[in-house]
Structures are given as structure tokens and as C-alpha cells.
Amino acid sequence: MARGAGADAPGAPGDPVRHWYENEQGWPTVPGPPVRLSVGVRFDVLDVPAEAGRAALGRLERPGRPEGAGRAGPAAGEFPVALRGGRMLLLVAAGSAEELPGLLAWLEWGTLALDLTAIGTGGLIDAPPPPGAAGRGPVRAPSPGSVGSQGAAVWLRPPGPGREVEASLPALSATGPRGDAPDLVRLVNTVATQCHRIRLLRARGRPPAGVCGAGRADGQPLARS
């Protein structure tokens, strides 16, 4: 029997990629190749242009983040992030996709056309190769010049070991961020700002550059009561 036809063939039940997600991360997958992850069970996904995602993460990860104990999963603020072609996939708490329209309206982004969507219950995403897959070592961020190329999904920031990744995911919270995870309100406001900024730059014929831009600063109130 050919090796590709066995239980360890890509997408088969014994496929090491499927095993890593189901057994080490506890994330459900769907049968058949390629390996795809079920969204809405352990996490939802914000799908944004890669330029906007990079700029938003740069603003959220400024120096001065708290260090110390109390972390579960990835390091402070480092919730999982994947890239696929020119899109960035930000993993957020399950249920966030349902909250997104109302949250954008509350933040006064609801009337603007933003290239920002959410994938929730019933959705699927291609599973990026796990860190160190095929002996290549830790997954490294693609260079900025390669972000726009089409291809398979890759981890920019892979999930940490174990089943505690939910503790790192941005979520709505009446009491603010959970531990080291940024609050979903702050994340959505920051991403929306960068999506709008990039849209304006393109409309003016100017290419996006850097991580600093105009728009609503994170330090400003996110909404008016």
C-alpha cells in the first residue's frame, strides 16, 4: 500500500496535523483533506486585511506590557494569529462573531464600509501547519513582502501548548481584559481604525506603510455613553 493511502495520509484520521489539533489543542476538525478547523467551538475568527492586522497588532503590543505570573497559554497579549494570502486571521473568544455587528455599531463604525468580517459557529478555516511541522522548527512570521502572495495558511503566532488557549483570546468582558488578553472591544476598535485608515490611503492612491496611522487612537474613549 502506498504511504499516501494509509492512515497517516494528509487529512486522514492518523494525519499528524489533525492529531496535533485534536489531541494536543483539543480543537475539532472536519473529515477529509485538507485539515480544516471548526470555528465557533473553541474560538471565533476575525478576518482582516493583513496590512490592517499588522498595524493593529503593532498598536496593541507597544512596550510596557505587564510581565509576570498569571499567564495561561501564549505570552501576554499573544493570542493566536494566522496568515493566509493577503488576509490575517485573529483568533478571538467563541461567540465574538455574533457580537461583532452590534459592537461595531456601538463603537460608531457601523455606518462605514470596513473590510472586516467574523467567522463563527458553523464556519471553517484551513489548519495551518503546527509549529515545527516536518522538522522545520518554530513557525516564523512571513516577510512583509510575502504577505500578499496566495497560498496555504501559516501561523504568525501559533497557539501555545495544552488546552488553555482560551485564556489568551480577546473577549467581551464587563470587567475589562481577562488576565493578559486584550479586551475584544479594544481589539475591534483598533482593527477597525486600521481598516478604515488603509481604505482612505488606497482611495487617495497612497500605499499603506508602517504601523502608525491616523484614525481613532487607542487612548481615546471607545464609545460615548
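Please refer to the structure higher up on the page.
Model, not experiment: these values are computed from the prediction. (Residues numbered from 1 in each chain as written. Predicted model: local features only at pLDDT ≥ 70, side-chain atom pairs only at ≥ 80, totals over all residues. Heavy atoms only, no water.)

Colleague: Just checking my understanding: could you explain the overall build of the chain for this structure?
Modeller: Helix and strand content of the chain: 4 helices and 8 strands. Scanning the chain from its N terminus toward the C terminus, one meets helices and strands in the order α-β-β-β-α-β-β-α-β-β-β-α. Of the roughly 11,300 Å² that the chain leaves accessible, carbon and sulfur atoms contribute 56%. (Helix = DSSP H or I, 4+ residues; strand = E, 2+ residues; numbered from the N terminus. Areas by Shrake-Rupley, 256 points an atom, 1.4 Å probe, with all protein chains shown as cover.)

Colleague: What is the right way to read the nonpolar core from this model?
Modeller: Taken as a class, soluble globular proteins show a tendency for nonpolar side chains to be buried jointly. Of all hydrophobic cores here, the largest spans 47 residues; its most connected members are Phe43 and Leu90. Of all the secondary-structure elements, those providing two or more residues to this core are helix H1 (16–25), strand E3 (44–49), helix H2 (50–60), strand E4 (81–84), strand E5 (87–92), helix H3 (96–106), strand E8 (154–157) and helix H4 (184–203). With 8 residues, H4 is the single largest residue contributor to this core. Apart from the residues within four sequence positions on either side, Phe43 is in contact with Trp27, Leu37, Ser38, Leu91, Val92, Ala93, Ala94, Ile125 and Leu169. (Core = buried A, V, L, I, M, F, W, Y, C linked by side-chain atoms within 4.5 Å. Buried < 20%, exposed > 50% of the residue type's maximum accessible area, 1.4 Å probe, protein only. Contact = heavy atoms within 4.5 Å.)

Colleague: Would you mind going over H1 with me for this structure?
Modeller: For the α-helix, the turn length of 3.6 residues means that residues three or four positions removed from each other point alike. Inspection of H1 places Arg18, Trp20, Tyr21 and Gln25 among the buried residues, and these make up the whole buried set. End-on, the buried residues of H1 take up no more than an arc of 160 degrees, which puts them together on one face. Here the buried face of H1 lies against strand E1 (29–30), strand E2 (36–38) and E8. Backbone geometry just after H1 places Gly26 at a positive phi near 75 degrees. (Arc of directions from axis to C-beta.)

Colleague: Could you clarify how one ought to interpret the side chain of Asn189 in this entry?
Modeller: In this structure, Asn189 sits in helix H4. A polar atom in the side chain of Asn189 sits 3.1 Å from the side chain of Trp109. (Polar contact = N/O pair within 3.5 Å; in protein donor to acceptor, adjacent residues only side chain to side chain.)

Colleague: I tried to follow the side chain of Thr190 on my own but got confused; where do I start?
Modeller: Following the sequence through the fold, Thr190 ends up in helix H4. Here the side chain of Thr190 touches Arg186 through a polar contact of 2.7 Å, landing on its backbone oxygen.

Colleague: Looking at this structure, how should I read unusual backbone geometry?
Modeller: Among all residues except glycine, the phi angle is most often negative; among peptide bonds, the trans geometry is most common. Each neighbour pair has its own omega, and for Pro33 with Pro34 the value is -10 degrees, a cis peptide bond. Relative to the assigned elements, Pro34 resides in the loop between E1 and E2. Positive phi outside glycine occurs at Glu108, with the angle close to 70 degrees. In this structure, Glu108 sits in the loop between H3 and strand E6 (117–119).

Colleague: Explanation requested: the sheet that holds E1 in the structure shown.
Modeller: Hydrogen bonds between backbone atoms are what pair the strands of a sheet, whose relative direction is either parallel or antiparallel. Strand order in the open sheet formed by 3 strands is E1-E2-E7, and the pairing between neighbours is antiparallel. Edge positions in the sheet fall to E1 and strand E7 (124–126), since each of these pairs with one other strand and no more. With 2 bridges joining them, E1 and E2 adopt antiparallel strand pairing. Residue Val30 lies in a different strand from E2, and its bridge partner there is Arg36. (Pairing = 2+ DSSP bridges.)

Colleague: Help me understand the sheet that holds E6 in this model?
Modeller: Taken together, the 5 strands give an open sheet; going across it, the order is E6-E3-E5-E4-E8, and neighbouring strands pair in antiparallel fashion. What marks the edges here is a single partner per strand, and that holds for E6 and E8. Neighbour-to-neighbour, the strand axes of the sheet open up by a mean angle of 30 degrees, direction not taken into account. Summarising the sheet, E3 and E6 pair through 3 bridges and their orientation is antiparallel. Residue pairing for E6: Val45 is matched across the bridge by Ile119. Strands in contact with H4 are E3 and E5; relative to E3, the strand with the most contacts, it is inclined by about 20 degrees. (Axes fitted to C-alpha atoms, helices over the stretch in contact; angles between N-to-C directions.)

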